[in-house]
Protein chains: 2
Amino acid sequence: MSFTLWFVGLPSCGKSTVARRVETKLKERGFKVENLDGDNVRQNLHPELGFSKEDRGTNNRRIGFICKLLNKNDVVAIVAAIAPYREYREKVREMVEEAGRFVLIYVECPVEVCRSRDPKGLYEKAERGEIKNFTGVNDPFEAPQEGECQIKIDASEQSIEQSTQAVIDGLELLGLVEPRSASGLTTEEEEVVKERLRNLGYLD
Amino acid sequence: MSFTLWFVGLPSCGKSTVARRVETKLKERGFKVENLDGDNVRQNLHPELGFSKEDRGTNNRRIGFICKLLNKNDVVAIVAAIAPYREYREKVREMVEEAGRFVLIYVECPVEVCRSRDPKGLYEKAERGEIKNFTGVNDPFEAPQEGECQIKIDASEQSIEQSTQAVIDGLELLGLVEPRSASGLTTEEEEVVKERLRNLGYLD
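Conventions adopted
Residues numbered from 1 in each chain as written. Chains lettered and ligands numbered in written order. Predicted model: local features only at pLDDT ≥ 70, side-chain atom pairs only at ≥ 80, totals over all residues. Helix = DSSP H or I, 4+ residues; strand = E, 2+ residues; numbered from the N terminus. Buried ≥ 20, exposed ≤ 12 C-beta atoms within 10 Å, placed from the backbone. Contact = placed C-beta atoms within 7 Å. Pairing = 2+ DSSP bridges. Least-squares fit on C-alpha atoms with pLDDT ≥ 70 in both. Nonpolar A, V, L, I, M, F, W, Y, C, P; charged D, E, K, R; others polar. Axes fitted to C-alpha atoms, helices over the stretch in contact; angles between N-to-C directions. Parallel < 35°, antiparallel > 145°, perpendicular 65-115°, else oblique. Left-handed = near helix turned anticlockwise from the far one by under 90°. Domains from an automatic or database assignment. pLDDT = per-residue confidence, 0-100.

**Q** Break down the overall build of chain A for me, with residues and values.
**A** A count of helices and strands for chain A gives eight helices and five strands. Reading chain A from its N end, one meets helices and strands in the order β-α-β-α-α-β-α-β-α-α-β-α-α. Its C-alpha atoms put chain A at 75 × 35 × 30 Å along the principal axes. Buried positions account for 38% of the 204 residues belonging to chain A. For chain A, long-range pairs separated by at least 24 residues make up 72% of all intrachain contacts whose partners lie at least 6 apart in sequence.

Below, the structure is given as structure tokens:
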């Protein structure tokens, strides 16, 4: 069964960066992966949508539909999108799970840290009232609770590399990705090697 | 390289029926295939869209974006949608061809024949003015010309089976599908069989 990884979190929390690293890791392990970056999808799918609650819901729903189609065809879908409303996240989960596993990854980061990392100065603009509906400043973010998210990343304490590893570890625990041993082999590959050694009389 | 098959034609010309048969044939040959039926996509992706020229363009563009994502991941995309405007079809072609081959299949059928096959009586309703923007009655259909469509089906003369075969033949000619010989094997499979017979001394 394929799966969808949906990274949620405040603007500039680092979700797109970690999502891209995870994408690379999964491709290295032989998965087909499509990374649907929130900004890119908005541009291509529906540039006319804004950031009202309703438009955010529509954005999430449509991305969810695409994830479902990808999962149905054994393509892992990765999404980095704020997705601030629980009710829309739950609708997406329902839709995706008709075809694959939906894994919500909460990229947790205090708003002050996000603000300090913000390369485009969007937080400041929002604070000056130049941007409306800016999540974390003048628009709500309903943080995923324990029961809702499958993996949580502490993006203010962990390095990008640590966060990426935490996601891979989480996927292994969920049984979606084959664990690698210290040898760098999957348990399946290890079994093949052991079998050969056994046949050659080197192992009992 | 993967590909997108876009079946265009008047309402009730038979495009969805042939599209489903082609889907089955391609799956039998080992392709991963996603069939994006026009009505189904509208329901799931954007039920709020109507049938104005602009809305039809938006519908086509979004489906095209999904086809591109599927093709990028080696999934064949099949679409059955009226797509009456040449300019939007050309935009879709441009977008899809960033990732795969775009094959326009024109399911040609005289409007009287479509009307006689129409199971829901939509043509009659449109003629009575109960449906607006109904392609073939009170909305235009810009039939694809020679240069635009890669495969043309005569849906009033051919049986569904013949139309399906015409599409498969066309895909073989375009080099997108491996031809099958009279033996039912692909040329590649035939080569393997020949090689074995050669090794056994049955063939020079």
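Text resumes after the structure shown.
**Q** Outline the pairing of strand β1 (residues 3-8) of chain A, supporting the account with residue identities and numerical values.
**A** All names here are of chain A. Counting buried residues in β1 gives six out of six residues, a clear majority hidden from the surface. Side chains of β1 alternate between two faces, with Phe3, Leu5 and Phe7 and Thr4, Trp6 and Val8 buried alike. Across six bridges, β1 lies against strand β4 (residues 101-108) in parallel orientation. Each residue of the ladder has a partner; that of tryptophan 6, found in β4, is leucine 104.

**Q** Pulling in residues and values, what's your account of the relation of the copies chain B and chain A?
**A** Take chain B, turn it by 180 degrees, move it 0.0 Å along the axis, and it overlays chain A with an RMSD of 0.1 Å. The operation mapping one copy onto its partner corresponds to a two-fold rotation axis. Take the interface residues of chain B: 100% of them recur as interface residues in chain A, which is what a same-surface contact looks like.

**Q** So what about the environment of Val92(A)? Which residues, and what values?
**A** Residue and element names in this part refer to chain A. Examined against the element boundaries, valine 92 turns out to sit in helix α4 (residues 86-96). Note on valine 92: 25 C-beta atoms within 10 Å, which makes it buried. Along the backbone, valine 92 and lysine 53 are 39 residues apart, and their C-alpha atoms lie at a distance of 15 Å. With residues near it in sequence (within four places) discarded, valine 92 still touches Asn60, Arg61 and Gly64.

**Q** So, the interface of chain B and chain A: which residues are in play, and what are the values?
**A** With twelve residues of chain B at the contact, the number on the chain A side is twelve residues. Looking at the side of chain B that touches chain A, the elements that each hand over two or more residues are α2 (38-45) and α3 (53-72) of chain B. Looking at which element gives the most residues to the side of chain B that touches chain A, the answer is α3(B), with six residues. Taken together, the residues of the side of chain B that touches chain A sort by class into six nonpolar, two polar and four charged.

**Q** Can you lay out the packing of helix α3 (residues 53-72) of chain A against α3(B) for me, pointing to particular residues and giving the numbers?
**A** One way to put it is that α3(A) packs onto α3(B) with a least axis distance of 11 Å and a crossing angle of 30 degrees. By the angle between their axes, α3(A) is roughly parallel relative to α3(B). At the point where α3(A) passes α3(B), the crossing takes the right-handed sense. Of the residues in α3(B), those in contact with Ile66(A), Leu69(A) and Leu70(A) of α3(A) are Ile66(B), Leu69(B) and Leu70(B). A breakdown of the residues in the contact of α3(A) with α3(B) according to their chemical character gives six nonpolar, no polar and no charged.

**Q** Break down the domain arrangement of chain A for me, citing the residues and quoting the values.
**A** Looking at chain A, the domain boundaries give domain 1 (3-173) and domain 2 (179-204). Its C-alpha centre places domain 1 of chain A at a distance of 38 Å from the equivalent point of domain 2 of chain A.

**Q** Lay out the confidence of the model for chain A in plain terms, naming residues and giving numbers.
**A** In low-pLDDT regions, the fine details of the predicted coordinates are not to be read closely. Averaged over every residue, the pLDDT of chain A is 93; residues scoring 70 or more account for 98%. Interface confidence for the predicted complex, given as ipTM, is 0.83, next to a pTM of 0.87.

**Q** Please set out the environment of Val107(B) residue by residue, giving values where relevant.
**A** Residue and element names in this part refer to chain B. Mapped onto the elements of the fold, valine 107 is located in strand β4 (residues 101-108). On the basis of neighbour count, valine 107 is assigned to the buried category, with 27 C-beta atoms found within 10 Å. Separated by 16 residues in sequence, valine 107 and lysine 91 have C-alpha atoms that sit 20 Å apart.

**Q** Pulling in residues and values, what's your account of the sheet that holds strand β3 (residues 76-80) of chain B?
**A** Residues and elements named next belong to chain B. The strand order across the open sheet formed by five strands is β2-β3-β1-β4-β5, and the pairing between neighbours is parallel. A strand with exactly one partner marks an edge of an open sheet, and here the two such strands are β2 (33-37) and β5 (151-154). Geometrically, the sheet is characterised by an average inter-axis angle of 15 degrees between neighbouring strands, direction not taken into account. Alignment of β2 against β3, held across five bridges, turns out to be parallel. Note on β3: the bridge partner recorded for aspartate 37 is alanine 80. Against the sheet, α2 contacts β2 and β3, and its axis sits at roughly 80 degrees relative to β2. Across the sheet, helix α7 (residues 160-173) lies against β4 and β5, angled at about 165 degrees from β5, the strand it touches most.

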